[in-house]
Amino acid sequence: MEYAIKISLEEAEKLLELSTDFESELEEVVSLVNKVLVPQVIWKSYRVDSLDKTGFMVQNKVFHCGGKVCKALEESTQLVFFVVTVGDKITDLITQYNKEYDFLKAYWCDKLANWALDCVVEKMKQNLAVLYRKENLKITSNWGPGYCGWSISEQAFLLDLLPVDKLQVTLSSSMLMHPVKSLSGVIGIGNKVKYKKSGCADCALQHCVYRSLKW
């Protein structure tokens, strides 16, 4: 499933906290970023076999996501597993700027790509909320490996439950996804679940690149 994402110059200036002094250079970057972004989503829902204070089991796979994530998924009767990506061309653009020693533009591209990825996740959640509302069900926010102590090694289990080859998303031996600008996770579904937006305040990972973004 593809999602249309287009970043405006005004949004980019606000996100990067830039004055109009950089307008011409930023306009060039925004135009190129919009051309290379290929936002795509794949998701699939599964019945929850078990969910306790330390983890959950789906399709005979046990996920040790930890207390914070389990609390956020509390009362879920289904879990939506998902992968979101904005493609690998944006990474090629960042690499190109770095090779040209234009590190500022590379930095801008990186931040804009992260923002676009988050926008796709938010659009997906909005669509899921509408879809499940028809069944009198609600959704939680998204949580995934790397959040709140949930080991990134379990990303392999998560991707095993999705036909990620359709998005050409692969996993390295160190459990990092390619394209780099990709995100995996789960969303709880149920009639008693509560939506609590996931964010930096929930996570102890101090050196994450997303911490510097103004969401």
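Residues numbered from 1 in each chain as written. Predicted model: local features only at pLDDT ≥ 70, side-chain atom pairs only at ≥ 80, totals over all residues. Heavy atoms only, no water.

*Asks:* What's the story with the overall build of the protein in this structure? I'm lost.
*Replies:* Per the secondary structure count, the protein includes 6 helices and 9 strands. Relative to a compact globule of 215 residues, whose C-alpha radius of gyration would be 17 Å, the protein shows 18 Å and is just as compact. With the principal axes as the frame, the protein shows a C-alpha extent of 55 × 35 × 35 Å. Across the 215 residues of the protein, 47% fall into the buried class. Across the protein, the fraction of contacts at a sequence separation of at least 24, relative to all contacts at a separation of at least 6, is 74%. Carbon together with sulfur atoms contributes 53% to the accessible area of the protein, which is approximately 11600 Å² in total. One finds the centroid of the 26 positive side-chain charges in the protein at a distance of 9 Å from the centroid of its 26 negative side-chain charges. (Helix = DSSP H or I, 4+ residues; strand = E, 2+ residues; numbered from the N terminus. Rg over C-alpha atoms; globule rule 2.2 N^0.38 Å. Buried < 20%, exposed > 50% of the residue type's maximum accessible area, 1.4 Å probe, protein only. Contact = heavy atoms within 4.5 Å. Areas by Shrake-Rupley, 256 points an atom, 1.4 Å probe, with all protein chains shown as cover. Lys, Arg positive; Asp, Glu negative; His and termini not counted. Charge placed at Lys NZ, Arg CZ, Asp CG, Glu CD.)

*Asks:* What is the right way to look at the nonpolar core in this model?
*Replies:* The nonpolar side chains of a soluble globular protein tend to be buried with one another. Core analysis: the largest hydrophobic core is formed by 42 residues, its most contacted members being V33, I90, L112 and M124. Looking at this core element by element, the count peaks at 15 residues for helix α5 (residues 103-133). Residues within four places of L112 in sequence aside, it is in contact with I7, A12, L15, L16, V29, V30 and V33. Counting residues in hydrophobic clusters, the runner-up holds 26 residues, among them I42, Y46, V58 and V83. (Core = buried A, V, L, I, M, F, W, Y, C linked by side-chain atoms within 4.5 Å.)

*Asks:* Hey, could you run me through the pattern of salt bridges in this one?
*Replies:* Pairing is possible between side chains that carry opposite charge, provided their charged atoms lie close to one another. Evaluation of the coordinates by the stated rule reveals 7 salt bridges. Of the charged contacts, one joins E28 and K105 as a salt bridge, the two residues approaching to 3.1 Å between their closest N and O atoms. Remark: K105 occurs in helix α5 and E28 occurs in helix α2 (residues 23-36); sequence separation between them is 77 residues. We note a salt bridge from D102 to K105, for which the minimum N-O separation is 3.8 Å. Residue D102 is classed as partly exposed on the basis of its relative accessible area of 24%. Owing to a relative accessible area of 12%, K105 belongs among the buried residues under this scheme. (Salt bridge = Lys/Arg side-chain N within 4 Å of Asp/Glu carboxyl O.)

*Asks:* Explain the packing of aromatic side chains here, please?
*Replies:* For any pair of aromatic rings, geometry is given as the distance between the ring centres together with the angle between the planes. For the structure shown, the criterion picks out 10 aromatic pairs. Their ring planes at 55° and their centres at 5.6 Å tell us that F63 and F81 sit as a pair that is tilted. Separated by 18 residues along the polypeptide, F63 in strand β4 (residues 61-63) and F81 in strand β5 (residues 78-85) bring together distant segments of the chain. With respect to burial, F63 and F81 carry one shared label: buried. Aromatic rings pair up to connect Y46, F56, F63, F81, W150 and F157 into one cluster. (Phe/Tyr/Trp six-rings, centres within 6.5 Å; stacked < 30°, edge-to-face > 60°.)

*Asks:* Any chance you could explain the pairing of β5 here in plain terms?
*Replies:* One face of the sheet, then the other: side chains in a regular strand alternate in exactly this way. Along β5, 7 of the 8 residues are buried, which leaves the element largely enclosed by surrounding structure. As paired elements, strand β1 (residues 40-47) and β5 share 8 bridges and run antiparallel to each other. The residue of β5 that forms the bridge with V41 is V84. In this structure, β5 lies alongside strand β9 (residues 182-190), joined through 8 bridges in antiparallel fashion. Paired with V80 across the two strands is I187, which belongs to β9. (Pairing = 2+ DSSP bridges.)

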